[in-house]
Amino acid sequence: MFFLSDKLKTKTLNTVTKEKFMSQKEWIEVGLIEDIPSLGARVVETSNGNVGVFRTAEDEVFALRDSCPHKGGPLSQGIVHGKRVTCPLHNWVLELDSGAVIAPDEGCVASYPVKIENGKVFLNLQAN
Amino acid sequence: MNETKEKLVLIGNGMAGVRALEELLKIEPNKYDITVFGAEPYGNYNRILLSPVLAGEKTVDDIMLNDEQWYVDNGITLHKGKEIVDIDRRGRTVFASDGTTAEYDRLLLATGSNPFIIPVPGNDLNSVISFRDIQDVDVMLAASKKYKNAVVIGGGLLGLEAANGLMLQGMHVTVVHLNDTLMERQLDSEAGGMLRLSLEERGLNFLMEASTVAILGDQHVTGVKFADGSEIAADLVVMAVGIKPNIALAQKVGIHCERGVVVNDTMQTYDPRVYAVGECVQHRGLAYGLVAPLFEQAKVCANHLAHMGYSRYEGSITSTKLKVTGIDLFSAGDFIGDESTENIIMKDVARGVYKKIVIKDNRIQGSVMYGDTVDGAWYFQLLRDNTDISDIRDHLMFGQSHLGDSGHGGQNAAAAMSDEMEVCGCNGVCKGDIITAITKKGLFTLDDVRAHTKASSSCGSCTGLVEQILASTLGGDYSAAPHSKPLCKCTDFSHDEVQAAIKENKLTSIRETMNYLKWKSPDGCAACRPALNYYVLAYHPGEAKDDPQSRYINERAHANIQKDGTYSVIPRMWGGVTNSAELRAIADVADKYNVPTVKVTGGQRIDLLGVKKEQLKPIWADLNNVGFVSGHGYGKALRTVKTCVGSEWCRFGTQDSTTLGVRLEEVTWGSWMPHKFKMAVSGCPRNCAEATIKDFGVVCVDSGYELHVGGNAGIKVRATDLLCKVETEEQVIEYSNAFVQLYREHAHYLERTAPWIERVGLSYVKEHVVDNAESRKLLSDRFLESQKYVQKDPWAERASEGVQQHEFVSLMRVS
Ligand code: SRM
Ligand SMILES: Cc1cc2nc3c(=O)[nH]c(=O)nc-3n(C[C@H](O)[C@H](O)[C@H](O)COP(=O)(O)OP(=O)(O)OC[C@H]3O[C@@H](n4cnc5c(N)ncnc54)[C@H](O)[C@@H]3O)c2cc1C
Ligand code: SF4
Ligand code: FES
């Protein structure tokens, strides 16, 4: 059998209700910066689909809708480099800050404001 | 803000100089205020394509590379139609003939070359011209409307292209050549003879071994006179007898010149503020007259202008094609040979095909091809890679395509394809799309075409076709790929150089490697990071730490991502053998987790498809409970070991192939490889396990075991080469270990055994694995040592030992 470690158990159960979310005036705390691997990403599930939360080598954090403008690939599963991510399905490259696709491919995905306070990551689900 | 920028002035608005600017803008867009002077009254155009313009196949607009808007968009000041006549090197100022001046911090000379005008009386008459720029083409096109007879002096590349063009414009054309062979610098006399014949059939006339002594006429040309006293009529004379580097300006201002402006490996002249690239340059004694080497020079020059300061130009090997539509001709390297070389020659006059390959010490020195040039690019690659061809010598002449290809209906000659035919089966790109992209977007390299059209960017099997289309569309030598190819855009170093650096300097992490080799991007890209991660792990097992963030998602999640973002789970089924308990466990898992599809794979095991990421850990745990481990169906690693029933059951079986397969899988599983690796063991030469299309295959025979290597059944089918025969199972295992380790240490990341062996040669493998017992043992020992660190089931580590947990759960759910 398998067991979730205690720490993770609390994490998975860390579900925020919509009401609570609204009352937080849009900024919602999604976890600690350490929860996201450097040059990696984690997913925040929302009723409107997943949001990928990315961390760069410089510890900047960005959030994009987790769906590649090409064929919907999960960007959070890609490889992060600089301030960009390469989609895992067909290697399109996107800017993490704007969600824009790097030429010569074309397209754009929604990006969301993120702020970090005392090592805590806050996400705002009103798209930029 | 501009005051702080350095000033860069380019003299010569041609192909090499502007390419250097483009390369510079790519890496350092804001370093310089750039000013360009060009004697010609245009933006930057593709000089190579003047021939098709003359032939009426293209217009001047078609061949513009950078129009004037490009200069504006990039903040470059363009002085077109202004020739620089002087340079004050102390005061760092250039002077144009019309009085315009510009100051510089750095200066780039790219003045190209001048056509050679033969010193005979009458060479300055009206309608005596050369073939170098748009103006020349305009004069020729105008003449073709008014006059009848054209004489082209010079039967080289340029002369023939000019003659062909004029003929297509309706003129009666005679080519006068001093030598007895056309294009003697590119062709041997056989190929030159065939070329002449077919040009004669098209309507060109030739006067061979004819030495011009005078151009006749009063003001306008009327004829040409030769050393033997004969004369022919002419209303237009085109001189195409060669070019000489345009060094007049450099010489005048005291920059050291010999035949060309002398530069070092960083493209600097003797004045360190002054760089030079292109046809005006002399590098290590050589001046080049084709664009491929000039583009390499431009890249190196940009690297130094950007103060990156590590790239070097080390000279080029060139290849040529003639751009006369309908005539296929290719030559590269030293194609004449001498006493020390051997030639392989194929001649079929009826089909109009001639091929010659010059070989020395089992390596290609050069080749000439006429009539069928499909394999030109392949030979050129073998030449530049210095590949030992002894193992493929017997079929070398028949080309690469005999190896088989899937996915494009056996099509391997782009020329025979119509525009609507599909070239890239993965991305649905037709020949016409590729041609349009090349001409409209000014693409030059395979990488450009991949980026813009996606053709050959997925499985890569159509790369050869795309290269052919590039070559025939650009006409000229498009092969701008430098002879050692950088690993990716983040570095100028090749795989070999990076591997050597990691091995010799004990670099045990990606970061260390990037620092040591001065990577150009802060943390690499999706191409180099997985390669570096593999290399540090392969060379320093036990010391280097794996970096999951530098692996593709499949290897990070230990499952294959599917198009809908779900995953597939393939447990290892040792040698394809299973039992009722295992099958029951798989059935239970399928029921418990509602797995949508259960499928038997092409590799003798079972695939559970459509699994959600959060289900992976519990499924693995359930599978682990009955003893299953990961099948690495997602990894650059050992995949399957296919076996047949062998002597246990089969009436023909000579050895216990099933047990041997299981043993091989037990030793080899878990190891990371440059690419995926498949094995098979067949119990007799009927070969039911298809061992001869595997990376490592064993065919059992009565007297022992045949070992086969380098097979591939995927994109390009390649049957194995026989490595050797051994007598015992123990030997099979030792040879297999040694072979795997040689491959792990020497192949480039993402290079399967088939292309690897074609690159290094089977003899090389035999030398290390068969002929030398000591080296075989060392390789095998190194492999076993590295296996100690990796033979842990990655599924168990994640399902029950707490490794990489963040990979499998969401950070949060907002409901
Ligand atoms: C599942 C399977 C098809 C099946 O349903 O049978 C399969 C599925 C895929 N193959 Fe395969 N291959 C499968 C057997 C094969 C075979 C047959 C074999 O192994 O006997 C071949 C030809 C043999 C060979 O490799 O020489 C094969 C040649 C390829 C290739 C071309 C490799 C090449 O070097 O030419 C690719 C592309 C690549 O690796 O870059 C590929 C890639 C893939 C990928 C990983 C495509 C991708 O990147 O997502 C597919 C993953 C599907 C998935 O998510 O599970 N697959 N693939 C087979 C898994 C076998 C296993 O048990 O692990
Ligand atoms: C008809 C034709 C067909 C060709 N076909 C092929 C082919 O198939 N494959 C191939 O690889 N190569 C081919 N080439 C050769 C290729 O075009 C040249 O190698 C390449 O253009 C050289 O580049 P460059 O920048 O050194 O010189 P250029 O492109 O000639 O540019 C030099 C520029 O500098 C200008 N200039 C010179 N002096 C001054 C000055 N003092 N002040 C201001 N401007 C100045 C000139 O006007 C010119 O525009 C062909 C050439 C021609 C003419
Ligand atoms: S499983 Fe293999 S052959 Fe089938 S679509 Fe995927 S990659 Fe192509
Ligand atoms: S879905 Fe992202 S590149 Fe295709």
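Residues numbered from 1 in each chain as written. Chains lettered and ligands numbered in written order. Predicted model: local features only at pLDDT ≥ 70, side-chain atom pairs only at ≥ 80, totals over all residues. Heavy atoms only, no water.

## Things to note about the confidence of the model for chain B
Residue and element names in this part refer to chain B.
Working step 1: On average, residues of chain B carry a pLDDT of 90, and 96% of them reach 70 or more.
Working step 2: Here residues 403–410 is a poorly scored stretch, pLDDT under 50, and it has 15 contacts once near neighbours within four places are set aside; other chains count.
Working step 3: Low pLDDT, under 50, characterises residues 477–483; the predicted model gives this stretch 23 contacts beyond four residues in sequence or across chains.
Working step 4: Reported confidence for the predicted complex is 0.71 by ipTM and 0.66 by pTM. (pLDDT = per-residue confidence, 0-100. Contact = heavy atoms within 4.5 Å.)

## Focus on the nonpolar core
Residue and element names in this part refer to chain B.
Working step 1: By size, the foremost hydrophobic cluster in this structure holds 66 residues, and its most contacted members are Leu166 and Leu195.
Working step 2: Per-element tally for this core: the top contributor is helix H5 (residues 157–168), with six residues.
Working step 3: Leu10, Val18, Val274 and Ala276 belong to the second largest nonpolar core, which has 51 residues in total. (Core = buried A, V, L, I, M, F, W, Y, C linked by side-chain atoms within 4.5 Å. Buried < 20%, exposed > 50% of the residue type's maximum accessible area, 1.4 Å probe, protein only. Helix = DSSP H or I, 4+ residues; strand = E, 2+ residues; numbered from the N terminus.)

## As for the packing of aromatic side chains
Residue and element names in this part refer to chain B.
Working step 1: Evaluated as defined, the whole model comprises 15 aromatic pairs over all chains.
Working step 2: Between Trp620 and Phe808 the ring centres are 5.5 Å apart and the planes differ by 80°, which places this aromatic pair in the edge-to-face class. Of this pair, Trp620 sits in helix H19 (residues 616–625) while Phe808 sits in the loop between helix H25 (794–799) and strand E39 (812–814), placing them 188 residues apart in sequence.
Working step 3: Classification of Trp620 by relative accessible area gives buried; the value is 0%.
Working step 4: One aromatic cluster is present, built from ring pairs that chain together Phe677, Phe696, Phe739, Tyr743 and Trp756.
Working step 5: Here the basic side chain of Arg551 rests over the ring of Trp672, its NZ or CZ set 3.9 Å away from the ring centre.
Working step 6: Positioned above the aromatic ring of Trp574, the side-chain terminus of Arg572 is 5.8 Å from the ring centre. (Phe/Tyr/Trp six-rings, centres within 6.5 Å; stacked < 30°, edge-to-face > 60°. Lys NZ or Arg CZ within 6 Å of the ring centre and 35° of its normal.)

## As for the sheet that holds strand E38 (residues 721–726) of chain B
All names here are of chain B.
Working step 1: If you trace the five strands from one edge of the open sheet to the other, you get E34-E35-E36-E37-E38, paired in mixed fashion. Unpaired on one side and paired on the other, strand E34 (638–643) and E38 mark the two borders of the sheet. Between one strand axis and the next, the sheet turns through 15° on average, direction left out of account.
Working step 2: Sheet topology note: the strand E36 (residues 696–701)/strand E37 (residues 704–709) ladder contains six bridges and is antiparallel. Across the sheet, residue Gly697 finds its bridge partner in E37, namely His708.
Working step 3: Lying on the sheet, helix H20 (residues 657–668) is in contact with E34, strand E35 (677–682), E36 and E37; it crosses E34 at an angle near 170°. (Pairing = 2+ DSSP bridges. Axes fitted to C-alpha atoms, helices over the stretch in contact; angles between N-to-C directions.)

## Section: the pattern of salt bridges
All names here are of chain B.
Working step 1: Under the criterion given, the structure shown has 42 salt bridges over all chains.
Working step 2: As a salt-bridge pair, Asp271 and Arg89 come within 3.0 Å of each other at their nearest N and O atoms. With Asp271 in the loop between strand E20 (261–263) and strand E21 (274–276) and Arg89 in the loop between strand E6 (84–88) and strand E7 (93–96), this pair connects stretches of sequence that are 182 residues apart.
Working step 3: The salt bridge partner of Arg284 is Asp265, with a shortest N-O separation of 2.7 Å. (Salt bridge = Lys/Arg side-chain N within 4 Å of Asp/Glu carboxyl O.)

## Quick word on the packing of helix H11 (residues 431–441) of chain B against helix H13 (residues 463–474) of chain B
Residue and element names in this part refer to chain B.
Working step 1: Following both chains from N to C, one finds H11 and H13 inclined at 50°, their axes separated by 10 Å at the closest point. Accordingly, the angle class assigned to the pair H11 and H13 is oblique. Judged by the sense of rotation from one axis to the other, the crossing of H11 with H13 is right-handed. Two secondary-structure elements touch here, H11 through Lys431, Ile434, Ile435, Ile438 and Thr439 and H13 through Val466, Ile469, Leu470, Thr473 and Leu474.
Working step 2: Taken together, the residues of the contact of H11 with H13 sort by class into seven nonpolar, two polar and one charged. (Parallel < 35°, antiparallel > 145°, perpendicular 65-115°, else oblique. Left-handed = near helix turned anticlockwise from the far one by under 90°. Nonpolar A, V, L, I, M, F, W, Y, C, P; charged D, E, K, R; others polar.)

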